[in-house]
There are 2 protein chains.
Amino acid sequence: MKTTGKEDIRSHCAVNYGVEVFGDRWSLLIIRDIVFVGKKTYGEFLKSEEGIATNVLASRLAFLEEQGILSRAPSPDDGRKDFYTLTEKGLDLIPVVLNIVLWSAKHDSKSYVRGAKEFLARLSRSPMQTSEKVKTLVRNGGCLFPESR
Amino acid sequence: MKTTGKEDIRSHCAVNYGVEVFGDRWSLLIIRDIVFVGKKTYGEFLKSEEGIATNVLASRLAFLEEQGILSRAPSPDDGRKDFYTLTEKGLDLIPVVLNIVLWSAKHDSKSYVRGAKEFLARLSRSPMQTSEKVKTLVRNGGCLFPESR
DNA sequence: CTCATTACTTGCAAATAGCAAGTGAAAGTA
DNA sequence: TACTTTCACTTGCTATTTGCAAGTAATGAG
């Protein structure tokens, strides 16, 4: 996956576009960290459970910004930090992420979902409505489970 | 991504499980080919628009079978061929794939979807119901756009 | 002014992807 | 039956990507 320069896109099939933009081992985990626990900075993403490497994180953040999924803004009260947030295009990935959660919850007995019971029940009852709610929540600076940060 | 032996799983977060199983540059395209145009054999997958390498295809098919997403059975009328089909676990990925399609259609002006207009309209009106219909169709050996094979 | 933090970059080794050229078994053809 | 083709891979090699460890420059805190 390139992070700069010209794109060499394999096809314009709609499935392939998604795969090319976020179909790697880290992008969706970054988005997860924003949506579920409200992470915003490089340092917070770096502390993810899965242990992303520093250079890989840097290139993913740059790529996702370049693709218009994340936007970056300087932290108001710490000049060293930037806050990464989801753009509308990024927020629109929430249904994708939540459908993955639903799939994993069904097919991987070891999978856990934060706030599992209630949230999962609501999600599987009405995935699209739940997605919309979550989208609004995150758009307004919130996240699903702020306490578990 | 390993295709054999012991798994070293990064975490049991539900998002991560999905990423580890189908979060690469090819898996979802194989599933797309099954769901959209009804491909079944190694040779058919190999002819995909995006041009997967022979060894990569072989290892992905093996991995997806190992993960219980694809099942493999000898072709009834040609001893050289195997037919790959989606298991129930694989069929359950259809909502994920269709939500990706919806996202790409919205955010990539160059994206095309086979049978675009009608199907996309139906999909965006009621994604989950459409997913269920498609799941049933594919489970019974059909696919969305058999003509475009 | 000094030291810790933060967000990176750089260099290198290991793993993975991609390409071209086999290989072996089954199918089609004469 | 022998010969050729098709099919589903495997093998060997190179190129790209990932991952780790060790920097580094720019704040911020004391």
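Since we're looking at a predicted model, the values are computed, not measured. (Residues numbered from 1 in each chain as written. Chains lettered and ligands numbered in written order. Predicted model: local features only at pLDDT ≥ 70, side-chain atom pairs only at ≥ 80, totals over all residues. Heavy atoms only, no water.)

Novice: Tell me about the overall build of chain A, and please be specific about residues and values.
Specialist: In terms of helices and strands, chain A carries eight helices and two strands. When the backbone C-alpha atoms are referred to their principal axes, chain A occupies close to 45 × 45 × 30 Å. The burial tally for chain A puts 52% of its 149 residues in the buried class. For chain A, the proportion of contacts with a sequence separation of at least 24, taken over those separated by at least 6, is 55%. A total accessible area of about 7000 Å² is found for chain A, and carbon and sulfur atoms account for 52% of it. Each charge sign in chain A was given a centre, from 23 positive and 19 negative side chains, and these centres are 4 Å apart. (Helix = DSSP H or I, 4+ residues; strand = E, 2+ residues; numbered from the N terminus. Buried < 20%, exposed > 50% of the residue type's maximum accessible area, 1.4 Å probe, protein only. Contact = heavy atoms within 4.5 Å. Areas by Shrake-Rupley, 256 points an atom, 1.4 Å probe, with all protein chains shown as cover. Lys, Arg positive; Asp, Glu negative; His and termini not counted. Charge placed at Lys NZ, Arg CZ, Asp CG, Glu CD.)

Novice: How would you sum up the packing of aromatic side chains? Please name residues and give values.
Specialist: Counting across every chain of the model gives twelve aromatic pairs over all chains. Ring geometry for B:Phe36 versus B:Phe145: centroids 6.2 Å apart, planes at 35 degrees, classification tilted. Taken together, the residues B:Phe36 in helix H2 (residues 27-37) and B:Phe145 in the segment after helix H8 (127-139) connect sequence positions 109 residues apart. Against the face of B:Trp26 rests A:Arg10, its NZ or CZ located 4.3 Å from the ring centre. (Phe/Tyr/Trp six-rings, centres within 6.5 Å; stacked < 30°, edge-to-face > 60°. Lys NZ or Arg CZ within 6 Å of the ring centre and 35° of its normal.)

Novice: With reference to specific residues and values, describe the pattern of salt bridges.
Specialist: Close approach of charged atoms lets side chains of opposite charge pair. Here the structure, examined in full by the defined rule, presents 26 salt bridges over all chains. For B:Arg25, the salt bridge identified is with A:Glu20, shortest N-O distance 4.0 Å. Residue B:Arg25 is found in the loop between helix H1 (14-22) and H2, and its partner A:Glu20 is found in helix H1 (residues 14-22); the two belong to separate chains. For B:Arg25, a relative accessible area of 27% puts it in the partly exposed group. By relative accessible area, which is 12% here, A:Glu20 ends up buried. Here B:Lys39 makes a salt bridge to B:Asp33, at a shortest N to O gap of 3.5 Å. Since its relative accessible area comes to 11%, B:Lys39 is described here as buried. (Salt bridge = Lys/Arg side-chain N within 4 Å of Asp/Glu carboxyl O.)

Honestly, that's just the spatial picture; any functional story needs more than this.
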